[in-house]
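Survey of secondary and tertiary structure
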Amino acid sequence: MRPLWAVLLGLVLIGCTGMPEGIQPVTGFEQSRYLGTWHEIARLDHSFERGLSAVTASYSLKDNGEIRVINRGFDAESESWKEAEGRAQFVDNPTVAHLKVSFFGPFFGSYVVFELGEEYDYAFISGYNTSYAWLLARTPQVSDEIKQRFERRLGELGFSTDELIWPETQLPDETPPGIEASAAR
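In what follows, the accompanying structure is described. Note that the structure is a prediction, hence the values are computed from the model and not measured.

Glancing now at the pairing of strand β1 (residues 36-44). Of all nine residues in β1, seven are buried, a share of seventy percent or more. In terms of strand pairing, β1 meets strand β8 (residues 133-137) through four bridges, oriented antiparallel. Bridge pairing in β8 places H39 opposite A137.

This brings us to the packing of aromatic side chains. Evaluated as defined, the whole model comprises 15 aromatic pairs. Centroid distance F74 to W81: 5.2 Å. Interplanar angle 65°. Geometry classified as edge-to-face. Among the aromatic residues, those joined into a cluster by ring pairs are F29, Y34, W38, Y59, F90, Y111 and Y120. The lysine or arginine in question, K100, covers the ring of F108, its NZ or CZ lying 4.9 Å from the ring centre.

Inspection of the secondary structure puts S78 in the loop between β3 (67-75) and β4 (80-90). For S78, the side chain forms a polar contact with the side chain of S80, separated by 2.7 Å.

Criteria and cut-off values
Residues numbered from 1 in each chain as written. Predicted model: local features only at pLDDT ≥ 70, side-chain atom pairs only at ≥ 80, totals over all residues. Heavy atoms only, no water. Buried < 20%, exposed > 50% of the residue type's maximum accessible area, 1.4 Å probe, protein only. Helix = DSSP H or I, 4+ residues; strand = E, 2+ residues; numbered from the N terminus. Pairing = 2+ DSSP bridges. Phe/Tyr/Trp six-rings, centres within 6.5 Å; stacked < 30°, edge-to-face > 60°. Lys NZ or Arg CZ within 6 Å of the ring centre and 35° of its normal. Polar contact = N/O pair within 3.5 Å; in protein donor to acceptor, adjacent residues only side chain to side chain.

Now the structure itself:
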């Protein structure tokens with residue numbers, strides 16, 4: 001018989017790879033098209049990105065089949081770039097955009113792509129609950145139509161849209177480490 005703490009820990013970890021009610025991951029997902037660098041256009045605030053701007057997420061395939069995740073952002077307070085490296089795996093089927101991501105140890109959080117541009121040019125992302133949401137794009141700017149659609153979808157799904165942060169997506173005359181100048185413009 002397992003100790004109660006092990007059972008509770010297991011339930012917590014499973015809960016972190018779930019998704020909010022109403023969220024449906026994109027099906028027909030093509031991992032190879034999703035790999036590469038994305039710019040964070042909007043997010044709900046959370047401690048691990050607080051105060052960062054010009055945030056990017058870069059995804060690449062590792063030899064073991066996992067996805068390497070590199071998140072970078074500029075911290076104006078310390079005037080320095082912050083970086084975190086993690087790993088992602090599909091929860092079930094690699095054609096369903098429901099992944100679990102870990103930045104430390106065996107602890108995973110949900111990463112659900114619930115809307116994706118036909119050209120893989122923008123993505124709406126949710127975490128395991130309505131406290132986590134991101135709008136990512138291949139370029140540092142997106143149309144007002146995409147921004148409004150993101151806000152509207154989040155509102156319909158019960159997210160707090162009044163808490164959205166729209167950080168600076170690019171710093172003047174600076175390119176984040178690991179991003180080619182042409183991709184940042």
